[in-house]
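Observations on chain architecture
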Amino acid sequence: MEAKISRRKFLKLSGVAAFSPFIRLGDVVSPRTKAPTPTDFGVEKRVPLRCRMCAQQCPAIGIVKDGKLIKMEANPHLPYSGICGRSRSTPAAVYNPDRLKYPLLRVGKRGEGKFKRISWEEALDRIAKVLKKYRKEAPEKVVYLPRFTSAAGIDKPFWHLYGTPNIISYADTCHSAGHDWGLGGYFGRPISPGAVWMDYPNAKFGVLAMRNPGGGLCVYQFGTFFAEGKRNGLRLVSVDVRFPNESIEGAGHRWLPIRPGTDPAFHLALAHVIVKKKGYDEAYLIEKTNACMLIDPETLEPFKAVIEEKEEKKGDKTVKKRTMRYLVWDEAQGKAVFKSQASKPALLGEFEIEGKKVITAFEAISRALERYTPQWAEKITTVPAKEIEAIAEELIKNKPQVFVDTGWYSERYANSLRQFHAIGLVNTLLGCWEKKGGIGGIPKVKLHGVLPKVKKPKRIQITKYYQKKEGYPFIIPKAGRRFVFEALRTGKPYEPKVIFAMGQNFIGGSAGSVELIKLLDKVELIVCMTPFMDESCLYADIILPDTMFPERNEALHVKFKQSFPTVAMNMKAVEPPFEARPGDWVMVELAKRVLFSEEFEKYFGDFVRGGWEYGWRKQLEGLDEKYPGITLERLKKEGVWYGKQNYKIKKKTLTHEIEIFSLTFLETYKKFKEKGYPFAEYANPLPSWAPPFWWEEKKGQLAEDEFILTTGFSPLNSFTGGQTRNNPLLREIWDQIGLDRLWIHPERAQKLGIQDGDVVEVFPAHNPEIRATARVWITPLVHPDALFTYYGVGAGVFSQLKKFLVFLPEHGVNMNHFSKLHFAPLQGGHATQDVIIKIRRA
Amino acid sequence: MTRVSMLYDMQACVRCFACSVQCGIENRARLARDGRGNTEKVLADRRPELRYIFPILRVGGTFPTAMPVTELRHCMHCENAPCARRCPAAAIEVKPYGVVVLHEEKCIGCRACLEACPFDVPNFNAKFGKTYKCFMCYDRIEAGLSPACVEACLAKALYFGTREEVLEEAYRRAENYEKHLGEKFQVYGAEKVSDATGYLHWVTVGPAAYLEDYALRPGAERGQIEALDAVRTIGWVLFGASAAGIIGHFLYSLGKEEQE
Amino acid sequence: MQEIQTFNRFQRTFHMHYLHFMFVFFLTGLPQVAPHAFRWLLYFFWIPFTWFSPETTYLSGGMKVAMVFHRLAGLGLIVYAIPFALREIKNMASWQIWPEGGMAEGIRELLKHYIGFKPANFGKYNIGQKFLAWTTIVTTAIMIVTGCILMFKDAFEPNTWRWARFFHDVGFFIFLVILPIHIYMALHPLNRKGYRAMFETGTFPEEYVKTHHPKWWGKLQRKL
């Protein structure tokens, strides 16, 4: 056979072959990975940041190389430092192709998602025009909705100057106010998740109920504390609708599945057992609480208590201090005296004073607890009675180095106020407040404002109106965004006309999204400022592209989930992309256009001229005595300042004690009972059970295709923010562990003919038209009555979002879309999970 | 030379997977550093194999006593590295300080390492035709830093140091857990796990009861791996014997004629 | 003299191809099975290749080329082996590799011929050759099956790969042991006629069959 080969080629090949032994036969290419050299690290800039991948602002360090953010690391200058996986995926969010790039003007109908690009000039002028109009007529009709705002320190003064009191947070969709006042009753002030910390490292045993410190991960400091607790051998019991593996995977822990929305019954039964076994800290109750207070058994009024008023000097101000002095039964003297005069106050008992029957507050509490037996609780919660007893035993044995975790995301059901009241009761009985190994108080740092202080305008604040006039006495006025939509629905106190959402996703984040959007027709102007498209942006008239946190300087921040006071810096690390601008710039530009020039000069002049250098120094002015070592130089170099650890929890009760019998509650209870109010029982200062809405509706019995859809936080996602749910790096892991799946119990799935991996349609029973798809995970790790899905995965009902966010999973539901525009009684929380949900194969 | 080691503590871990995210980020930073793409490009590319440490979820039991076990899969950096023995391209180097490094540029994608690994560690990416696995951030170690996942771990569940330091820490933790939780804890990998692997430079502290669910089988034995090693030894011995036989017969045959 | 057909055309060409393929298998397979000892072979595969693809190393480039040839040879073997196997199975009646007489007798005769250098009472094949034939058939099957698994890894689980690799190696070592013996024997003066039959004429002289393969001669006579 003849090979057709040219002579030339032949010579070439044979030449090569002949000389082959002399050709260098080592590696032709140099190795692809090389060790980093000191110059590699030398050219990296390390910039102090506060992470904003979730709302907690953990101090972090941004690593910048050649003008790009390439990595995030924990700030090493803190004793409990760390950042989570979301934070570490920040570069994938900063350089995400789906970032909003330019100001956008709506061209289609609201919700269609049709926008055109406009200039910042035009956007700001349009907004200013409307704002100027309303400033003349009714500035309170402009509502500002901030969320870990890039305009902190600048926005609030501006809006107050403008004349609106309606700067409203979204805490009503999280912990306001079932958690805040349920626990707050004991302290006479709202106790938010940012008010107390669990001493995980020193505790021996803890109960996590509707709480997952690993899933609802806030690294600084709850998360790192929790991890230290685990390292120290802390034992935990988790009472949860699903197995929270982030917290209790491992040895020594237990999962007790609980029927959704029935938590108050569990805690009441715990309290019942503790009281029955006399396992409470008697000395603590007598000394530190108003347990011995003598009250009328019928009216619950304190018997012959007096209120004293004293004037006290606080700094350079004089304040009026009111104190209630109450009677106790002194067993030593055999009569009723004021507490300060008693040597042996009775904790329990019924007594007769001047022919009147009186009991101690604790006696009333004990009697109220009598019917809340573990057997009673088992029927409601499905948690076995003997488990409840075992937990109570364990708590009693190890007190005060125990806790029932005070929780975080409370506003899931109507009865959250009673749930957290019961949690507060158990912790009070165990005497673990302010104790090592128990629960400490989060210390506050106070810095000055960046701008001169502006008083809050005296106009009616929407939330305050509902608090005072519409039967929601436990609303915390600064938090209650959904009442803005209630105002739109009822017209009371007035219809808001402008919504400026600075980072809040008021549609996607609020229970009743679909009902809510119908009310927006009455709003003249909706502006959304955010780095990524979301549900609210779809309904906005103007969208402004916000920077992400590494792209701007910000005011110093002091609110962390901390056990010692902390101040942290966020400095600009990289340039913002395209035309993204930070919130503080937007506020200044609006201020320029909307305020009178004298106002502008007075409040903004110095800041405009001096920038953040000026702003930071202003915040720290004269505070180095109060907070030794707090200098701008240190904050720029190390990113943080911190002080000493604190256990004290401030009380604002009338008795200046922990009110195990809350006088705040009593006041409201009296008033509402008088008015014949249907939910008056919610304000009962004594322990009392209240069912969730769904329980009332279904008499506690769900049909075969009915579920309660529950959610929880994943340490790899955060709310509905595009920075995490549209993050390619996080999405890779989601796919690996099925983070977007809908969990369903095997028996329930079988009855519905659903198999693992099936795509199902999910919809609320009250409105089957609202549908979204989800992929199912059949697992024994969820209560049969519940469906579980991590919060905020997927576009849910708003499938138009997939156009703008290409890294969203194909299927995934958001509870809020299905829920109702209803409110938890007395406190206004969004009770998002408190609706019946159905599923069927798609 | 002092050997280094890593520790993973199952009891402290909060399953946040920051380690996995950071590994992916660190490898992307390496790509950019080595001129193989700019920051935007490497972040947008889907490269799941670049997360050398990643979770695998298993669930055991039935409701209500069911339990998940999240296996964090990563290279164990075996003392005797079967993968290094088997790699036909000599792409796997065992560093003097114990770290087993798979050099990407030398890999030919044959997956002999995957066959050889009793822990199913190496990850093959068909698009690039190469296999990847954890190399304990040896470039960071040589620059005086700890591996990226250790820096990332907010629970201090991942720990790095000299082998002495790590074993001391591992045993201390195991003892502490046993004391507080009343369950037996094991330090998997501190001692030899099997003949094929030797001891491991990445040890795991966990409840002895779950370690098997965690795919840390007591002997880490894969019969086929040991058998293959045996075959390759025995085979050459037999070849040697038969070659000797041939030479013997040849010499014997010299000068001999066939008889009719 | 009369010639008696020993190997037909198909058998001889198949043997030739198999021989060539085996050559390729060994050259390309040795670097995989014993990389540290045989890596130097890869230079020969890499050097011509690097002219087209200079960014490789002798290991990665050479190994890839070697594997391509290994698999091509494997495919070639399958293409040839299937029709060959079918034809042989059809003619199973005339197979001469079945046992004829006891093991002790077979070994005695074998030693008589190869140690004693005397003609022995063989059939068409002696016991050693029969052993080789069966071993080759079985091992070829093993190599083809395991080779396919290893070539199409993605269709199987890693556990399957491990078994495939184990048996592929076992097969390799079997060939590594028996083939040198087979080749030595093929070239040995005692078997000159056999060499002629396989590589030249395909036949034995009649006299030779009578004297050196009497059992076979007997069968042939009985058939006539």
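Residues numbered from 1 in each chain as written. Chains lettered and ligands numbered in written order. Predicted model: local features only at pLDDT ≥ 70, side-chain atom pairs only at ≥ 80, totals over all residues. Heavy atoms only, no water.

1. Overview of the overall build of chain B
Secondary structure summary: chain B contains eight helices and 10 strands in total. Expressed as lengths along the three principal axes of its C-alpha atoms, the size of chain B is roughly 85 × 50 × 45 Å. A fraction of 63% describes how many contacts in chain B between residues 6 or more apart in sequence connect residues 24 or more apart. Accessible area for chain B stands at about 9800 Å²; split by element, carbon and sulfur atoms hold 56% of it. (Helix = DSSP H or I, 4+ residues; strand = E, 2+ residues; numbered from the N terminus. Contact = heavy atoms within 4.5 Å. Areas by Shrake-Rupley, 256 points an atom, 1.4 Å probe, with all protein chains shown as cover.)

2. Concerning the UniProt feature "transmembrane region" (unreviewed entry) in chain B
In the numbering used here, UniProt assigns the "transmembrane region" (unreviewed entry) feature to residues 234-254 of chain B. The annotated region residues 234-254 of chain B carries 95% helix and 0% strand content, and the separation between its end C-alpha atoms amounts to 30 Å. (UniProt positions renumbered as here; feature names shortened; annotations may be inferred.)

3. Details of the side chain of Arg47(B)
In this structure, Arg47(B) sits in the loop between helix 2 (39-44) and strand 2 (54-60). Given a relative accessible area of 5%, Arg47(B) falls into the buried group. A polar atom in the side chain of Arg47(B) sits 2.5 Å from the side chain of Glu49(B). Look past the residues within four positions of Arg47(B) in its chain and what remains in contact with it is Glu732(A), Arg28(B), Leu31(B), Asn125(B), Phe128(B) and Tyr132(B). (Buried < 20%, exposed > 50% of the residue type's maximum accessible area, 1.4 Å probe, protein only. Polar contact = N/O pair within 3.5 Å; in protein donor to acceptor, adjacent residues only side chain to side chain.)

4. As for the nonpolar core
One broad trend across soluble globular proteins is that nonpolar side chains are buried collectively. By size, the foremost hydrophobic cluster in this structure holds 321 residues, and its most contacted members are Phe500(A), Phe506(A), Leu520(A), Met587(A) and Phe604(A). Ranked by the residues each element gives to this core, the list is headed by helix 10 (residues 263-276) of chain A, at nine residues. Ignoring sequence-local partners within four residues, the contact set of Leu520(A) consists of Arg110(A), Phe485(A), Leu488(A), Ile499(A), Phe506(A), Ile507(A), Ile526(A) and Tyr539(A). Core analysis: the second largest hydrophobic core is formed by 26 residues, Val231(B), Val33(C), Leu77(C) and Ala81(C) among them. (Core = buried A, V, L, I, M, F, W, Y, C linked by side-chain atoms within 4.5 Å.)

5. Focus: the UniProt feature "transmembrane region" (unreviewed entry) in chain C
All names here are of chain C. UniProt feature "transmembrane region" (unreviewed entry): in the numbering of this structure it lies at residues 21-46, 66-86, 131-152 and 172-190. The distance from the first to the last C-alpha atom of residues 21-46 is 20 Å, and the span holds 85% helix and 0% strand. Annotated as 100% helix and 0% strand, the span residues 66-86 places its first and last C-alpha atoms 30 Å apart.

6. Re the domain arrangement of chain B
Residue and element names in this part refer to chain B. Partitioning chain B into domains gives domain 1 (4-221) and domain 2 (222-260). On a C-alpha basis, the centroid separation for the pair domain 1 and domain 2 is 42 Å. Each partner contributes to the interface: domain 1 provides 13 residues, whereas domain 2 provides seven residues. Taken together, both faces of the contact between domain 1 and domain 2 bury some 750 Å²; the carbon and sulfur share is 43%. Summed over the shared surface of domain 1 and domain 2, the result is two salt bridges. (Domains from an automatic or database assignment. Buried area = accessible area lost by both parts, 1.4 Å probe. Salt bridge = Lys/Arg side-chain N within 4 Å of Asp/Glu carboxyl O.)

7. A few points about the confidence of the model for chain C
Residues at a pLDDT of 70 or more form 97% of chain C, whose mean pLDDT is 90. If you check the scores for this complex, the pTM reads 0.90 and the ipTM reads 0.92. (pLDDT = per-residue confidence, 0-100.)

8. So, helix 8 (residues 219-231) of chain A
Residue and element names in this part refer to chain A. Between the first and last C-alpha of helix 8 there are merely 15 Å, a value that for 13 residues lags more than 12% behind the 18 Å anticipated at 1.5 Å per step. For helix 8, the tally of buried residues reaches 13 of 13 residues, placing the bulk of the element in the interior. Two residues or fewer past helix 8, Gly233 is found with a positive phi of approximately 90°. (Expected span 1.5 Å × (residues − 1).)

9. Looking at helix 7 (residues 158-187) of chain C
An α-helical turn contains 3.6 residues, so any two residues separated by three or four positions project in the same direction. For helix 7 of chain C, built from 30 residues, the straight-helix expectation of 44 Å at 1.5 Å per residue is met to within 8% by its first-to-last C-alpha distance of 42 Å. Most pronounced at Ile178(C), the bend in helix 7 of chain C amounts to some 25°, and the proline Pro180(C) follows within four residues. (Bend = angle between axes of the 7 residues up to and from the residue.)

10. Considering the environment of Phe672(A)
Residue and element names in this part refer to chain A. Looking at the secondary structure, you find Phe672 in helix 23 (residues 663-675). Here the alpha-carbon distance between Phe672 and Ala683, two residues 11 residues apart in the chain, equals 8.3 Å. Leaving out residues up to four positions away in the same chain, Phe672 has contacts with Gly471, Pro473, Tyr677, Ala680 and Leu826.

11. Examining the sheet that holds strand 8 (residues 205-209) of chain A
All names here are of chain A. Overall, parallel pairing links the four strands, which are arranged 10-9-8-18 in an open sheet. Strand pairing shows two members of the sheet lacking a second neighbour, strand 10 (254-257) and strand 18 (402-404), which therefore form its edges. Sheet twist, expressed as the average angle between the axes of neighbouring strands with direction ignored, equals 15°. Pairing of strand 8 with strand 18, which is carried by three bridges, proceeds in the parallel orientation. (Pairing = 2+ DSSP bridges. Axes fitted to C-alpha atoms, helices over the stretch in contact; angles between N-to-C directions.)

12. Some thoughts on the interface of chain A and chain B
One frequently used descriptor of interface size is the decrease in accessible area upon assembly of the parts. Counting residues at the interface gives 67 residues for chain A and 61 residues for chain B. Of the roughly 5400 Å² buried at the junction of chain A and chain B (both faces included), carbon and sulfur atoms supply 60%. Looking only at chain A, the three residues that lose the most surface to chain B are Arg231(A), Glu249(A) and Glu732(A), adding up to 13% of its buried area. For the pair chain A and chain B, the number of links is 19 residue pairs in polar contact (both at pLDDT 80 or more). Elements with a minimum of two residues in the side of chain A that touches chain B: helix 2 (38-42), strand 3 (68-74), helix 3 (85-88), helix 4 (90-94), helix 8, helix 9 (245-248), strand 10 and helix 26 (728-737) of chain A. Of the residues forming the side of chain A that touches chain B, the biggest block, nine residues, is contributed by helix 26 of chain A. When the residues that make up the side of chain A that touches chain B are grouped by side-chain class, the tally is 34 nonpolar, 16 polar and 17 charged. (Nonpolar A, V, L, I, M, F, W, Y, C, P; charged D, E, K, R; others polar.)

13. Observations regarding the packing of helix 1 (residues 9-33) of chain C against helix 4 (residues 60-90) of chain C
To describe two helices that pack against each other, one gives the angle between their axes and the distance between the axes. Residues and elements named next belong to chain C. Between helix 1 and helix 4, the shortest axis-to-axis distance is 9 Å and the interhelical angle comes to 155°. Taken together, the axes of helix 1 and helix 4 are roughly antiparallel relative to one another. At the point where helix 1 passes helix 4, the crossing takes the left-handed sense. When its residues are assigned to classes, the contact of helix 1 with helix 4 shows 17 nonpolar, nine polar and two charged. (Parallel < 35°, antiparallel > 145°, perpendicular 65-115°, else oblique. Left-handed = near helix turned anticlockwise from the far one by under 90°.)

14. Thoughts on the pattern of salt bridges
Residues and elements named next belong to chain A. Across all of its chains, the model carries 87 salt bridges over all chains by this definition. Across the pair Glu301 and Lys670 runs a salt bridge whose closest N-O atoms are separated by 2.5 Å. Separated by 369 residues along the polypeptide, Glu301 in the loop between strand 11 (294-295) and strand 12 (306-314) and Lys670 in helix 23 bring together distant segments of the chain.

15. Notes on the environment of Arg39(C)
All names here are of chain C. The topology assignment puts Arg39 in the loop between helix 2 (35-38) and helix 3 (42-50). The class for Arg39 is buried, based on a relative accessible area of 17%. With 47 residues separating them in the primary sequence, Arg39 and Leu86 have C-alpha atoms 38 Å apart.

16. Quick look at the packing of aromatic side chains
A complete count under the given rule lists 72 aromatic pairs over all chains for this structure. Between Phe14(C) and Tyr18(C), the aromatic rings sit 5.6 Å apart at their centres with planes inclined by 55°, giving tilted as the arrangement. With Phe14(C) and Tyr18(C) both in helix 1, this residue pair falls four residues apart, about one helical turn. Neither Phe14(C) nor Tyr18(C) differs from the other in exposure class; each is buried. With 5.2 Å between their ring centres and 65° between their planes, Phe204(C) and Tyr208(C) make a pair best called edge-to-face. The residues Phe204(C) and Tyr208(C) share a single accessibility class, namely buried. Members of the aromatic cluster, each reached through a chain of ring pairs, are Tyr80(A), Trp197(A), Phe225(A), Phe564(A), Tyr642(A) and Tyr647(A). Just above the ring of Tyr102(A) sits the side chain of Arg117(A); from NZ or CZ to the centre is 3.5 Å. (Phe/Tyr/Trp six-rings, centres within 6.5 Å; stacked < 30°, edge-to-face > 60°. Lys NZ or Arg CZ within 6 Å of the ring centre and 35° of its normal.)

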